[in-house]
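# Observations on chain architecture
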Amino acid sequence: MASTPSADAAHGNGAPHYKHPYHLVDPSPWPLVGSFSGGALVLGIVLWAHNGIHWVFGLGVLGVLATMFFWWRDVVRESRTPGLHTPVVQLGLRYGMTLFIASEVMFFVAFFWAWFHFALYPEHVSGSAVPHVWPPHGVMTFDPWGLPFLNTMILLLSGTTVTWAHAAILKNDRKASIQALTITVALGLMFTSLQAWEYSMAPFAFSGGVYPSVFFLATGFHGFHVMVGTTFLLVCLFRAIKGHFTPERHFGFEAAAWYWHFVDVVWLFLFVCIYWLGAGEIAHH
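Just so it is clear, the model here is predicted, and its values are computed rather than measured.

### Here's the deal with the overall build of the protein chain
A tally of helices and strands in the protein chain yields eight helices and two strands. For the protein chain, the succession of helices and strands along the chain, N to C, is α-α-α-α-β-α-α-α-α-β. Counting across all 285 residues of the protein chain, residues that qualify as buried make up 36%. Intrachain contacts of the protein chain at a sequence separation of at least 6 include 73% that bridge at least 24 residues. Accessible surface, the protein chain: about 16200 Å² in total, of which carbon and sulfur atoms supply 72%. Across the protein chain, 11 positive and 13 negative side-chain charges occur, with their mean positions spaced 18 Å apart.

What follows is the structure, encoded as C-alpha cells:
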C-alpha cells in the first residue's frame, strides 16, 4: 500500500513517496465551484439578454475568475512540492496543453472557414449587389501595411523575446529571463493597445454585414487570446522573479511560450488572409 504524505511527514520527510509515478491530487473544491460558476455565467448571459438582470452574470464572472486564480495557485504549489510533479505527471501536463492548443486551432478554423466561404463564393452573401465581389461592394477596408503590419512586427518580435526567455531559463540566467519576459509582456500590451486604436478607426461597424462580422469575430477573438497570453506570461514573470523556474523544471513557462507562439501563428494567417489578400478599397484616415 502506498504511503501517504502525512505519514511521510511524520517520519521527517518533506516529500511524499509513492509506489507509483502518478500524482494523486488532494481533494479540491475548485472543480465544483468552477462548475457552478460556469453555470451561473451562462444563466447570467440569458437573464441579461432577456430580462435585463445583471447580477447573476457578475456573480458567474467573479466565480470563474476566483476558480481560475485559486486552482492555478494550487497547481503552482504542487509544482513546487518535491515528489508530486514526476516525469510522468509532467508528460501528462504536456499532452494536456498540446490538446488544448489543438482545440484552439479548431476554434479559429471556424472563423477562417466562414471567411473563405464568402471570399470564394461572394454570391452567397445575402443582399449583395451584382457583380458579386469580396469584400462586398461599398465596404472600405484597412490598409494592411499600416497598423496591421506594425502589429505583425510587434508579435513577431515578442516571439523572439519569449524564445530568449526560454534560452535564459535553460542556462539558469535568471536576470536575462526576467528581462526577456518583461519585454514580451510589454509587447503584448502594446499589441492590444494598437488593436484597440485600430478598432476605434474602423471604417465599418460590427452590424454592417457579413464582412465586418467575420472580421471582428476573427481579429477580436485573437485579441482576446493575446490578452490571455499576456496574462499567462505576466504570471510567469512573477514566478521568474521569485525563482520558481530551473533548467530542469519550468513547464509552466513552456506552456505559456507554446500558447504565445500559437497566438503569433494565428495572427500571421489573419494578416495574410484577411488584412492583405482580403483587402478591398482602402479607407484613408
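### Looking at the packing of helix 2 (residues 30-51) against helix 3 (residues 55-79)
Geometry of a packed helix pair, given as the angle between the helix axes and the separation of the axes. Look at helix 2 against helix 3: their axes get within 7 Å of each other, and the N-to-C directions meet at 155 degrees. Taken together, the axes of helix 2 and helix 3 are roughly antiparallel relative to one another. When the axes of helix 2 and helix 3 are compared, the crossing they make is left-handed. Tallied by class, residues from the contact of helix 2 with helix 3 come to 15 nonpolar, seven polar and one charged.

### Brief notes about the side chain of D264
Relative to the helices and strands, D264 is located in helix 8 (residues 251-276). Apart from residues no more than four positions distant in its own chain, D264 is found in contact with L155, S158 and G159.

### Looking at the UniProt feature "transmembrane region" (unreviewed entry) in the protein chain
UniProt records the feature "transmembrane region" (unreviewed entry) at residues 29-49, 55-72, 93-116, 149-169, 176-194, 214-238 and 258-278, using the numbering of this structure. Here residues 55-72 runs as 100% helix and 0% strand, with 26 Å between its end C-alpha atoms. Helix makes up 100% of residues 214-238 and strand 0%, and the two end C-alpha atoms of the span are 36 Å apart.

### As for unusual backbone geometry
Cis geometry is found at the peptide bond from W134 to P135, where omega equals 0 degrees. Relative to the elements of secondary structure, P135 occurs in the loop between helix 4 (87-120) and strand 1 (140-141). Its identity as a non-glycine residue notwithstanding, N172 has a phi of 60 degrees, on the positive side.

### Some points on the nonpolar core
Of all hydrophobic cores here, the largest spans 51 residues; its most connected members are L181, F215 and F253. Going through the elements one at a time, helix 4, helix 5 (147-170), helix 6 (174-200), helix 7 (210-241) and helix 8 are the ones with two or more residues in this core. If one sorts the elements of this core by residue count, helix 8 sits on top with 16 residues. When sequence neighbours within four positions are dropped, the list of residues in contact with F215 reads F142, E198, Y199, F204, G220, I274 and Y275.

### Some points on the environment of M68
For M68, the position within the fold is in helix 3. Note: C-alpha distance between M68 and V133 (65 residues apart in sequence) is 45 Å.

### With respect to a nonpolar patch on the surface
Among the surface-exposed residues, W145, F149, M153, L156, L268, V272, W276 and L277 lie close enough to one another that they form a single nonpolar patch of about 730 Å² accessible area. Looking at the nonpolar patch, the elements that each hand over two or more residues are helix 5 and helix 8. Among the structural elements, L268 can be located in helix 8. Classification of L268 as partly exposed rests on a relative accessible area of 33%.

### Some words on the layout of surface pockets
Where empty space is left becomes clear once a probe the size of a water molecule has been rolled over the atoms. The calculated volume of the largest pocket comes to roughly 1600 Å³. Along the wall of the largest pocket there are 38 residues; nearest its centre are W72, V76, F232, V235 and G252. Contributing elements (two or more residues each) for the lining of the largest pocket: helix 3, helix 4, helix 7 and helix 8. Per element, the largest residue contribution to the lining of the largest pocket is 10 residues, and it comes from helix 7. Looking at side-chain class alone, the lining of the largest pocket contains 22 nonpolar, 10 polar and six charged residues. Computed from the structure, the second largest pocket encloses a volume of approximately 320 Å³. Considering the residues around the second largest pocket, the lining is formed by 17 residues, among which V25, D26, W71, D74 and E78 are closest to the centre.

Conventions and cut-offs
Residues numbered from 1 in each chain as written. Predicted model: local features only at pLDDT ≥ 70, side-chain atom pairs only at ≥ 80, totals over all residues. Heavy atoms only, no water. Helix = DSSP H or I, 4+ residues; strand = E, 2+ residues; numbered from the N terminus. Buried < 20%, exposed > 50% of the residue type's maximum accessible area, 1.4 Å probe, protein only. Contact = heavy atoms within 4.5 Å. Areas by Shrake-Rupley, 256 points an atom, 1.4 Å probe, with all protein chains shown as cover. Lys, Arg positive; Asp, Glu negative; His and termini not counted. Charge placed at Lys NZ, Arg CZ, Asp CG, Glu CD. Axes fitted to C-alpha atoms, helices over the stretch in contact; angles between N-to-C directions. Parallel < 35°, antiparallel > 145°, perpendicular 65-115°, else oblique. Left-handed = near helix turned anticlockwise from the far one by under 90°. Nonpolar A, V, L, I, M, F, W, Y, C, P; charged D, E, K, R; others polar. UniProt positions renumbered as here; feature names shortened; annotations may be inferred. Core = buried A, V, L, I, M, F, W, Y, C linked by side-chain atoms within 4.5 Å. Patch = residues over 30% accessible without salt bridge, like charges linked within 9 Å, V, L, I, M, F, W, Y side chains within 5 Å. Salt bridge = Lys/Arg side-chain N within 4 Å of Asp/Glu carboxyl O. 1 Å grid on protein atoms, 1.4 Å probe; cavity = no way out; pocket = protein on both sides within 12 Å on 5 of 7 lines; lining within 4 Å. Points joined across faces, edges and corners; volume = space filled by probe spheres on them.

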